[in-house]
Amino acid sequence: MRTQRNALLCLVAIATLTLAAADSAFAQKSFGRGVSSNIGGTRPQGPSGGGNYGGGGYRGGWGVAVPGALMTIPGMVPAQGGQYYVDDGANYGGGPGPRQSQNSPRRGPSGAPSANERRLVPDEVVIEISNTVSPPAIDALQRRFRLTQIESQAVQLTGTTLYRWRIPDRRSVTTVVRALEGDALVASAQPNYLFILQQNDSAAAAEGDPAQYELAKLRLPQAHTIAKGDNILVAVIDSGIDASHPELAGAIAQTYDAITTPMAPHKHGTAIAGLIVAHGKLMGAAPSARILAIRAFDPKDAGAQGTTFNILKGLDWAAANGARVVNMSFAGPDDPAIHRSLEAARKKGIVLVAAAGNAGPKSPPLYPAADPNVIAVTATDADDRLFEQSNRGRYISVAAPGTQILVAIPDGGYEVASGTSYSAAEVSGIVALMLERKGNLTPDQVRGILRATAKDLGPKGHDNMFGAGLADAYGALMAEETPRTTARPRPIERVSAGAR
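Keep in mind it's a predicted model, so treat the numbers as computed, not measured.

Novice: If you had to explain the sheet that holds strand β9 (residues 252-257) to someone new, which residues and values would you point to?
Specialist: Read from one edge of the open sheet, 7 strands run β9-β10-β8-β13-β15-β16-β17, paired in parallel fashion. The strands lining the two open edges of the sheet, one partner per strand, are β9 and β17 (396-401). The average angle at which neighbouring strand axes cross in this sheet is 25°, direction not considered. With 4 bridges connecting them, strand β13 (residues 325-328) and strand β15 (residues 351-355) associate as parallel partners. Along β15, the bridge assignment pairs Val325 with Val351.

So this is what it looks like as structure tokens:
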């Protein structure tokens, strides 16, 4: 009997060793160097930082019970919460760099773009590194991954430094981002995404025409008897603003240029600033507010284009220079680096307002409007109908007029144009009125008041087209109590693919 038991135990031991060897070979073949397997026990993290299967071995295999042993054939499924760390065998110059370690500052999903994402600079990456990392270490990192530095920016909002590096060879952005994410020095890596301003030009109007139907719709004349936004700083991250326009006389507090090319006044930025602070032939939503003019978008074809890096530079400058409100009348993909800065800005008490987007009802959510830290504004017309090209989604907070709006343009001109950009600017102005009236309002309280006092449009209650309804400047100022609100959850639907 004892002889049979010993023989059986020997067979079990041999089978276990054979399975472990086969499993290790399978893992090496399938997942590359740095990934090891573990059968039925806690796998210690090796110095290479290779395969971590949740600390508890593989899951999803099948078991065979024999006296004194349980043999499990690995199913190659990581334990819940585990992560794969895979070395693809690529050598990015100077030998392999440090691998992702338990102490690396980077956590969360990969910053690599989705398969069909085209809204990015094709040969650039944006890398975020802790301010504690030494310059020689950063230089070594750059050489190790064969990248060329273009510029860097210390970001006060996040306490890190952003680096914009060029990929000088033909490697894809996705390949380089994923490789960088395996290095312990890199807090995050991602593409330098592209964003576009949200406007639709239409026929020009006679210069000086004072017809602004949005004033009555938003009850701004009544609101201006209470507040005009005196000295509230509103940052406008946009294209170049014509500070010499009569509508903007004395209203530009400071300017910042995030772009190295010569600045030329642009229609979009000038129109947005005018809708907030105009005080000539036109009347802005907050005529006594002050503008922090930030150029982060350069003219391109009929519109203007901005990048992750320049938008982040502008946002950080706005926060450092006392902005109470930030208007973002542009749209693009879900951007992790911009999300982190927006989150930090909201925590500092800065109210963030963005255009919902003009991509139409079938478009996935556009950002930054769909970011949970931002008040998303859609557009309506003179009959309170939704602007046909407006994006839809549960992240929409409120609506404001944005169809056939009379706006200021460079060289003292005026024109009529449409877009959610203009609706966002009007709401930014209303927020300035609210902050003059009650300077201690938090961003969440501002959102709550705007939604609670809005005029319901469309289906009863909050909906995907109008949000809570048409903003009411006078109602927001007269609100007796501040609604208890929390930041809205990050929407389930996400931008995953496709250029728009």
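Having seen the model, we can carry on.
Novice: Describe in detail the confidence of the model for the protein, supporting the description with residues and values.
Specialist: Summing up the model confidence of the protein, the mean pLDDT is 79 and the portion of residues at 70 or higher is 71%. Of the regions scoring below 50 in pLDDT, residues 202-209 engages in 17 contacts with residues more than four places distant in sequence or in other chains. Low pLDDT, under 50, characterises residues 485-500; the predicted model gives this stretch 56 contacts beyond four residues in sequence or across chains.

Novice: Quick one: what's the story with helix α8 (residues 336-347), residue by residue and with numbers?
Specialist: In a regular helix each residue adds 1.5 Å, so 12 residues correspond to 16 Å; α8 covers 17 Å between its end C-alpha atoms and thus fits that length. For α8, the complete set of buried residues consists of Ala337, Ile338, His339, Ser341, Leu342, Ala344, Ala345 and Arg346. Residues of α8 that are buried in the fold lie against β4 (148-155), β6 (186-197), α7 (308-320), β13, β15 and α10 (443-453). Capping the start of α8 is the job of one residue whose side-chain oxygen sits 3.1 Å from the backbone nitrogen of Ala337: Asp335.

Novice: Outline the pattern of salt bridges, listing residues and values.
Specialist: Across all of its chains, the model carries 18 salt bridges by this definition. Among the ionic pairs, Arg171 bridges to Asp169, the shortest N-O distance being 2.9 Å. By relative accessible area, which is 14% here, Arg171 ends up buried. Note that Arg295 is salt-bridged to Asp257, the shortest N-O span being 3.0 Å. Taken together, the residues span a long stretch of sequence, with Arg295 in strand β10 (residues 290-295) and Asp257 in strand β9 at a distance of 38 residues. Take Asp257: its relative accessible area is 34%, and that puts it in the partly exposed class.

Novice: How would you explain the packing of aromatic side chains if you had to name every residue and give the values?
Specialist: As enumerated under the stated definition, the model contains 4 aromatic pairs in all. On the basis of an interplanar angle of 50° and a centroid distance of 5.7 Å, the ring pair of Tyr163 and Trp165 is categorised as tilted. For Tyr163, a relative accessible area of 10% gives the class buried. Here Trp165 falls in the buried class, since its relative accessible area comes to 0%. Taken together, a centroid distance of 5.8 Å and an interplanar angle of 80° make the contact between Phe195 and Phe330 edge-to-face. Residue Phe195 is found in strand β6, and its partner Phe330 is found in strand β14 (residues 330-331); the two are separated by 135 residues along the sequence. Across the pair, Phe330 and Phe195 agree in class, each one buried.

About the thresholds
Counting of residues starts from 1 at the beginning of each chain's written sequence and follows it residue by residue. Under the rules for a predicted model, residues below a pLDDT of 70 receive no local features and side-chain atom pairs below 80 are neither given nor counted, while totals for whole chains, interfaces and linings still include all residues. Just so you know, side-chain values use all the structure's heavy atoms and leave hydrogens and water out. Only strands joined by at least two bridges in the DSSP assignment are considered to pair. In this text, helices come from DSSP runs of H or I with a minimum length of four residues, and strands from runs of E with a minimum of two, each type numbered from the N-terminal end. Think of each axis as a best-fit line through the C-alpha atoms, taken over the contacting stretch in the case of a helix, with angles from 0 to 180 degrees between the N-to-C directions. The pLDDT value tells you how sure the predictor is about a given residue, anywhere from 0 up to 100. Whether two residues are in contact is decided by their heavy atoms: any pair within 4.5 Å suffices. The span one expects for a helix is its residue count, reduced by one, times 1.5 Å. A simple rule labels every residue: compare its accessible area, found with a 1.4 Å probe on the protein chains alone, to the largest value its type can have, and call it buried under 20%, exposed over 50%, or partly exposed in between. Between N or O atoms, a polar contact is any pair within 3.5 Å; within protein, one atom must be a potential hydrogen donor and the other a potential acceptor, and residues adjacent in sequence are included only when both atoms are from side chains. Each reported salt bridge corresponds to a side-chain nitrogen of Lys or Arg within 4 Å of a carboxyl oxygen of Asp or Glu. Think of it this way: a Phe, Tyr or Trp ring, Trp meaning its six-membered ring, pairs with another when their centres are within 6.5 Å, and the plane angle makes it stacked under 30 degrees, edge-to-face over 60, tilted otherwise.

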